[in-house]
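Given next are the chains, with one letter for each unit.
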Amino acid sequence: SLRIPAITNLPGGSLALWQTGSMVVTSPTSFNYLFSPVLYASFIVTFSICKLFSPILSSKFLKFYSTLSDGEKDFWNTLPSSTIHALFVTLAGLIVVMFE
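Residues numbered from 1 in each chain as written. Predicted model: local features only at pLDDT ≥ 70, side-chain atom pairs only at ≥ 80, totals over all residues. Heavy atoms only, no water.

For the protein chain, the count of helices and strands is two helices and four strands. Its helices and strands taken in sequence order, the protein chain reads β-β-β-β-α-α from the N to the C terminus. Counting every position in the protein chain, which comprises 100 residues, the buried fraction comes to 14%. When contacts within the protein chain are restricted to residue pairs at least 6 apart in sequence, those whose partners lie at least 24 apart make up 14%. About 8,200 Å² of surface is accessible on the protein chain, with carbon and sulfur atoms providing 72% of the total. (Helix = DSSP H or I, 4+ residues; strand = E, 2+ residues; numbered from the N terminus. Buried < 20%, exposed > 50% of the residue type's maximum accessible area, 1.4 Å probe, protein only. Contact = heavy atoms within 4.5 Å. Areas by Shrake-Rupley, 256 points an atom, 1.4 Å probe, with all protein chains shown as cover.)

Below, the structure written as structure tokens:
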């Protein structure tokens, strides 16, 4: 049976998120997100798509883009990066399911 306790401090500084039987699922405590190259790359790619590539390509190939308000353009420019992110997450999930 699954028990969900209040978040509990464990020895070593980790936090117990939930417990089932004798297995305790904990949160990571030693990973430093500031030095993750994936974090930096993800930010740079997403920012580049939203602020550089999407506005340039949309204004060049889509006639209706110039009729959008600034807010609508901002929303439109986030759609490609959101779609690309969804594709990568789906691909990663498929790889894990199929090969792990």
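The discussion continues.
Let us now look at a nonpolar patch on the surface. Judged by side-chain polarity, Ile-84, Phe-88, Leu-91, Leu-94, Ile-95, Val-97, Met-98 and Phe-99 come together as a nonpolar surface patch covering roughly 860 Å² of accessible area. Residue position: Ile-95 is located in helix α2 (residues 70–99). (Patch = residues over 30% accessible without salt bridge, like charges linked within 9 Å, V, L, I, M, F, W, Y side chains within 5 Å. Salt bridge = Lys/Arg side-chain N within 4 Å of Asp/Glu carboxyl O.)

This part takes up the side chain of Asn-77. Residue placement: Asn-77 occurs in helix α2. When near neighbours in sequence (up to four residues on either side) are disregarded, Asn-77 contacts Ile-49, Cys-50, Ser-54, Pro-55, Ser-58 and Tyr-65.

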